Amino acid sequence: MAKAAAGTDNPATPTAVRIVVAGDRGTGKSSLIVTAATENFPANVPPLLPPTRLPEDFYPERVPITIIDTSSRPEDNSKVAEELKRADAIVLTYACDQPQTLDRLSTFWLPKLRQLEVKVPVIVVGCRLDLRDENQQVSLEQVMSPIMQQFREIETCIECSAFKHIQIPEVFYYAQKAVLHPTGPLFDQETQTLKDQCVRALKRIFILCDHDRDGALSDAELNDFQVKCFNAPLQPSEIVGVKRVVQEKLPEGVNERGLTLTGFLFLHALFIEKGRLETTWTVLRKFGYNNDIRLADELIPSPTKRTPDQSVEMTNEAIDFLRVTFDVFDSDGDGALRPRELEELFSTAPASPFSELPYTDAAERNAFGGLSLDGFLSQWALMTLLNPASTMENLIYIGYPGDVSSTIRVTRKRRLDRKKQQSERNVFQCFVFGPKKAGKSALLDSFLGRPFSDNYNPNTEERYTVNVVDQPGGIKKTLVLREIPEDGVSKLLSSKEALAACDIAVFVHDSSDELSWKRATQLLVEVASHGEDTGFEVPCLIVAAKDDMDSFPSAIQHSTRVSQDMGTEAPIPISTKLGDLNNLFRKIVSAAEHPHLSIPETEAGRSRKQYHRLINRSLMVVSVGAAVAIVGLAAYRVYAARKNASG
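Residues numbered from 1 in each chain as written. Predicted model: local features only at pLDDT ≥ 70, side-chain atom pairs only at ≥ 80, totals over all residues. Heavy atoms only, no water.

Quick notes on the pairing of strand β18 (residues 475-483)
Part 1 of the argument: Of all 9 residues making up β18, 7 are buried, and the element is well covered by its neighbours.
Part 2 of the argument: Pairing between strand β16 (residues 427-433) and β18: 6 bridges, direction parallel. Across the sheet, C430 pairs through a bridge with L481, a residue of β18.
Part 3 of the argument: Relative to β18, strand β17 (residues 463-471) is paired through 9 bridges, and the arrangement is antiparallel. Bridge pairing in β18 places Q471 opposite I475.
Part 4 of the argument: Linkage of β17 to β18, two consecutive antiparallel strands, is achieved through a turn of 3 residues, within which G473 is found at a positive phi near 85°. (Buried < 20%, exposed > 50% of the residue type's maximum accessible area, 1.4 Å probe, protein only. Helix = DSSP H or I, 4+ residues; strand = E, 2+ residues; numbered from the N terminus. Pairing = 2+ DSSP bridges.)

With respect to the sheet that holds strand β1 (residues 17-23)
Note on sheets: strands pair through backbone hydrogen bonds, and any given pair is parallel or antiparallel.
Part 1 of the argument: Spatially, 6 strands are ordered β2-β3-β1-β4-β5-β6 in an open sheet, and the strand pairing comes out mixed. Across the chains shown, the open sheet's two edge strands, defined by having one partner strand only, are β2 (52-54) and β6 (154-159). Sheet twist, expressed as the average angle between the axes of neighbouring strands with direction ignored, equals 25°.
Part 2 of the argument: The sheet contact formed by β1 and strand β3 (residues 65-68) spans 4 bridges and is parallel. Bridging from a neighbouring strand, V20 pairs with I68 of β3.
Part 3 of the argument: Its contacts with the sheet place helix α3 (residues 99-115) against β1, β4 (89-95), β5 (122-127) and β6, and it is angled at close to 155° to β4.
Part 4 of the argument: Set on the sheet, helix α4 (residues 140-150) makes contact with β4, β5 and β6; between it and β6 the angle comes to about 155°. (Axes fitted to C-alpha atoms, helices over the stretch in contact; angles between N-to-C directions. Contact = heavy atoms within 4.5 Å.)

Quick word on the nonpolar core
Part 1 of the argument: Grouped together as the largest cluster of nonpolar side chains are 70 residues, with contacts concentrated most on I205, F376 and W380.
Part 2 of the argument: In terms of residues, this core owes the most to one element, helix α13 (residues 373-386), which gives 7 residues.
Part 3 of the argument: Among the nonpolar cores identified, the runner-up in size contains 28 residues, and Y59, A89, V91 and A175 belong to it. (Core = buried A, V, L, I, M, F, W, Y, C linked by side-chain atoms within 4.5 Å.)

Some remarks on the pattern of salt bridges
Part 1 of the argument: Across all of its chains, the model carries 36 salt bridges by this definition.
Part 2 of the argument: Here R114 ties to E153 by a salt bridge, and the two come within 2.9 Å at their closest N and O atoms. In this pair, R114 sits in helix α3 while E153 sits in the loop between α4 and β6, placing the two residues 39 residues apart along the sequence.
Part 3 of the argument: Note that R412 is salt-bridged to D417, the shortest N-O span being 2.6 Å. (Salt bridge = Lys/Arg side-chain N within 4 Å of Asp/Glu carboxyl O.)

Focus on the environment of E356
Part 1 of the argument: Within the element layout of this structure, E356 appears in the loop between α12 (339-345) and β14 (371-372).
Part 2 of the argument: On the accessibility criterion, E356 (43% relative accessible area) is partly exposed.

A word on the confidence of the model for the protein
Part 1 of the argument: When pLDDT is averaged along the protein, the result is 88; 91% of the residues meet or exceed 70.
Part 2 of the argument: Ranking the helices and strands of the protein by mean pLDDT puts β16 first, with 97, and helix α21 (residues 603-646) last, with 56.
Part 3 of the argument: Ignoring residues within four places in sequence, the model shows residues 2-8, a span with pLDDT below 50, making 15 contacts including any to other chains. (pLDDT = per-residue confidence, 0-100.)

Quick word on helix α5 (residues 168-180)
Part 1 of the argument: Its 13 residues place the ends of α5 19 Å apart at the C-alpha level, agreeing with the 18 Å of an ideal helix rising 1.5 Å per residue.
Part 2 of the argument: Of all the residues in α5, the buried ones are I168, V171, F172, A175, Q176, K177, A178, V179 and L180. (Expected span 1.5 Å × (residues − 1).)

Details of helix α10 (residues 277-286)
Part 1 of the argument: Judged by how many residues are buried, α10 sits mostly within the fold: 9 of 10 residues are covered.
Part 2 of the argument: Looking at α10, one finds that the buried residues are L277, E278, T279, T280, W281, T282, V283, L284 and R285.
Part 3 of the argument: Where the residues of α10 are buried, they touch α5, α6 (196-209), α7 (219-230) and α9 (261-273).

Here's the deal with the sheet that holds β18
Part 1 of the argument: Spatial strand order, β17-β18-β16-β19-β20-β21: 6 strands in an open sheet with mixed pairing. Either end of the sheet is taken by a strand with one partner, and the two such strands are β17 and β21 (572-573).
Part 2 of the argument: Bridging between strand β20 (residues 540-545) and β21 involves 2 bridges; their strand directions are parallel. Among the inter-strand pairings, A544 is bridged to a residue of β21, identified as P573.
Part 3 of the argument: Packed onto the sheet, α13 meets β16, β17 and β18 and runs at close to 125° relative to β17.
Part 4 of the argument: Along the sheet face, helix α20 (residues 584-593) touches β16, β17, β18, β19 (504-510), β20 and β21 and points at about 85° away from the line of β17.

Okay, structure coming up:
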């Protein structure tokens, strides 16, 4: 674990480095670049050098470097800013014989980088070392320590002399190293500890290398790890030496079975403290991590292309893996993953995906905040529906052993489902529409088994809830409820494909409020019209909420008329306050399973159908008439031919 390999074909490794040199006029920028590239101090230097390329074999990492010189003229400030924004690393120069140029770093250049939101490593370089007054000799650490405390983006400080050829190659070596092996993502300088993202990644690597799952890397496993990462085995004496170093500093880092996770992390912290970041970065990149300590995009398969009315679900292989994983991390065996257990499950991922919107608070939890198996699988089903790439990425993080592209499948087009009069989907998405105070949020809460609350908290953002719905015959389906705030309907329907992802729409109204009913009816017409116009018609159900209150006087008459006119089922009465949901969620799933039914028809849609029917009938009449005419003409020709023959 002491030797970092030079170069790698890992996709997470940068293939080129662009270094921009900036600083005040006369601080030696151009001389520094020319001397580094030619190994000769230039007698005459032009005001601005063209891009200078150092060949890939210039440094051991074998990654080519392009060095960009910048102008000191005020009129070129905008060009300099653009170059700084494109940099992989920045070399900021000051002149050792001009103290005011050092002051300018903290008063101008470093604040300017922050203003431009440039977030790359910075190498501070004191040039013209040979010209510094011998009477003003001070240590570099003494000078730079206050500045580095204020500007953590400074990776390294170094002094050099182009004229005397002092530490010129080192300047760009440190700049390249800061890009290829940056400190920031790995180590917290203030606390002198590994950062959380780094710990999570190294923990995953440790688990992957612990083949017998005994919580320690044996000598054989440690050697396999060394060969995989550095293409060279460890000698037995080297293994003994590694474990001795750990045990002397951290006794719990080694046990009778080998190097523990604690010891593994300690070793990497030690490498970083000693400036050997390339060792840890080589390990991370060998296992596919990029500079953000996330798996490189190339390692996560792109979801299969699909049409707007197709969805994505997990396969049985993925679900079986998640069931086993659930049991492994349910350490207390209570049938639920408590927050601590869930955090441990995702401790090898950058973060728990369920702690972010829209997944947080989307599934049913028990009194201790625990997720049941159904709730756990529901969360994954929701993530797969909304972001299948995230599902595959997180399955890799938590140790899915096979080809992760086999964990998802694309469903059949809904238009084909409608023709076959049956949906093959296991996960259905239901859009929940309704006016303010209709009871949409209460409906979503009841879906998660939460108690009714009299407090009204208006929801202005879309919200998801997901749960498993038991169907007759022991069949389980997953239902996703997506609440659409009234104010968000127009924005939603501004997209042609707005309803493509919707398996079924539910329209909720307050059954005691006639205005609520009218607005819900308007929304139903808007959605149905949009479906007719775009070809993405969806089954619709009407829900009469607050059934515990007295209905408005003409409620039955109005609902009967609308249901008959639009061809929908009668409103389903529910009371979330009394917990009387009238098997609503089963009915929603059943309607979604039969996408050819419960589709409302607007007056405009009906007229359009009648028009097309009339046109088709007219075309048929014309076609039949033409056919009769052709047959008659043929008969006449036969008759005329026979008459001529007999004559």
